[in-house]
Amino acid sequence: MSDQIDQSRRSILGTLALGVAFAQFGALSGARAQTPPVAAGQRGHTSFASLKQIKAGVLDVGYAEDGPSDGPPVLLLHGWPYDIHSYVDVAPILAKAGYRVIVPYLRGYGTTRFLSAETPRNGQQAAIAVDIIAFMDALKIEKAVIGAYDWGARTADIIAALWPERCKALVSVSGYLIGSQELNKTPLPPKAELQWWYQYYFATERGAAGYAKYTHDFVRLIWELASPQWKFDDATFNRSAPAFDNPDHVAVSIHNYRWRLGLAQGEAKFDEIERKLATFPSIGVPTVTIEGDANGAPHPDPAAYAKRFTGKYEHRLFTGGIGHNPPQEAPEQFAKAVIDADRL
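This one's a predicted model, so the numbers in the text were calculated from it and none came from an experiment.

Visitor: Describe the nonpolar core, listing the residues and the values that go with them.
Guide: Leu75, Leu76, Trp80, Leu94, Phe135 and Phe334 are the most contacted members of the largest nonpolar core, which totals 98 residues. The element contributing the most residues to this core is helix α3 (residues 125–138), with nine residues. When sequence neighbours within four positions are dropped, the list of residues in contact with leucine 75 reads Ile102, Pro104, Ile132, Phe135, Met136, Ala144, Val145, Ile146 and Gly147.

Structure follows, in structure tokens:
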């Protein structure tokens with residue numbers, strides 16, 4: 001959810017100060033993909049076809065995989081505080097359409113682990129994007145369609161903007177989520193700041209201790225606030241809950257929010273990437289942006305970021321009470337958006 005809220009902050013600030021907001025989407029080759037039926041009866045999967053691990057960069061990455069190994073690759077990225085199960089119903093739809101579907105746990109989630117105790121538990125945006133590039137390299141994936149929301153959408157936007165040769169097409173929930181520490185220094189109106197309540201909580205040691213002590217309760221509250229009409233049951237939450245028991249989850253989450261506000265340092269090796277991102281680079285790969293009609297997290301008007309997408313572009317509003325986590329709340333629609341982006 002961090003990505004979503006930072007997007008909102010950037011969008012509001014952009015509107016008030018800089019007029020900056022962006023969205024981009026990259027899609028995979030649709031040559032072998034056929035649009036599958038998307039009947040509601042396809043929902044209800046509780047597990048993935050395959051769970052794997054691979055060493056990539058500074059991580060040993062846990063990931064789910066479905067579909068033919070020689071199919072056009074689709075990379076699906078989750079957000080905070082969610083996990084790969086956001087795509088448990090999307091993956092089989094895309095697999096049936098002929099895609100090789102890959103869903104990694106981000107750093108600090110699930111079975112993904114740092115290879116060294118000495119590696120900083122860094123949550124800054126550049127670090128996570130570099131993780132995914134390393135993950136693609138490890139799997140020998142040259143280019144993929146990338147679909148994502150929240151932290152995942154920010155990561156996908158960065159890859160599409162800075163490494164467009166790796167992103168065939170993009171599906172990004174809430175548009176352009178690339179952030180800037182400098183822009184985040186600008187205060188927002190009180191009602192907008194209120195929506196960032198947990199970011200300020202995390203800025204304190206009390207907040208860090210509170211998130212560590214009440215992680216599952218905190219996550220469930222965020223799910224409820226961000227998707228007020230999503231009536232998920234205990235079984236749905238409990239499938240994702242173990243992902244937040246990752247030994248680095250709290251550290252990475254807290255650093256992510258503190259870094260955004262300039263309260264924590266990033267790693268020097270990412271400075272050049274962050275300088276490029278601070279210019280809010282445009283995205284030229286084919287893109288579909290998505291918004292839910294009941295998104296309880298801060299988010300901008302799509303018109304504010306549309307111009308940041310300079311290639312083929314579509315925006316879609318998911319109706320019917322869809323909140324902050326469209327792939328899990330509306331998997332058929334999300335899968336269709338991925339396939340359609342691939343064909344733009």
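Visitor: Tell me about the pairing of strand β6 (residues 144–148), residues and numbers included.
Guide: Most of β6 is tucked away: five of the five residues are buried. Going residue by residue along β6, you find Ala144, Ile146 and Ala148 tucked away on one face and Val145 and Gly147 tucked away on the opposite face as well. As defined by bridge partners, strand β3 (residues 73–77) adjoins β6 across four bridges and the pair is classed as parallel. Across the sheet, the residue bridging to valine 74 is valine 145, located in β6. Of the pairings in the sheet, the one linking β6 to strand β7 (residues 167–173) comprises five bridges and is parallel in character. Its bridge partner lying in β7, alanine 144 is registered against cysteine 167. A crossover connection joins β6 to the parallel β7 through helix α4 (residues 151–162); in handedness this β-α-β unit is right-handed.

Visitor: Requested: an account of empty space enclosed by the protein, with residues and values cited.
Guide: Throughout the structure, instances matching the rule amount to one cavity of 30 Å³ or more. In this structure, the largest cavity occupies an estimated 50 Å³ of space. Taken together, Leu59, Val61, Pro104, Tyr105, Leu106, Arg107, Ile128, Asp131, Ile132 and Phe135 form the lining of the largest cavity. In terms of residue count, α3 provides more of the lining of the largest cavity than any other element does, four residues in total. Of the residues belonging to the lining of the largest cavity, the class tally is eight nonpolar, no polar and two charged.

What counts, and at which threshold
- Residues numbered from 1 in each chain as written.
- Predicted model: local features only at pLDDT ≥ 70, side-chain atom pairs only at ≥ 80, totals over all residues.
- Heavy atoms only, no water.
- Core = buried A, V, L, I, M, F, W, Y, C linked by side-chain atoms within 4.5 Å.
- Buried < 20%, exposed > 50% of the residue type's maximum accessible area, 1.4 Å probe, protein only.
- Helix = DSSP H or I, 4+ residues; strand = E, 2+ residues; numbered from the N terminus.
- Contact = heavy atoms within 4.5 Å.
- Pairing = 2+ DSSP bridges.
- Right-handed = clockwise from strand over helix to strand, strands pointing away.
- 1 Å grid on protein atoms, 1.4 Å probe; cavity = no way out; pocket = protein on both sides within 12 Å on 5 of 7 lines; lining within 4 Å.
- Points joined across faces, edges and corners; volume = space filled by probe spheres on them.
- Nonpolar A, V, L, I, M, F, W, Y, C, P; charged D, E, K, R; others polar.

Note that every value here comes from positions in space, so none of it alone points to a role or purpose.
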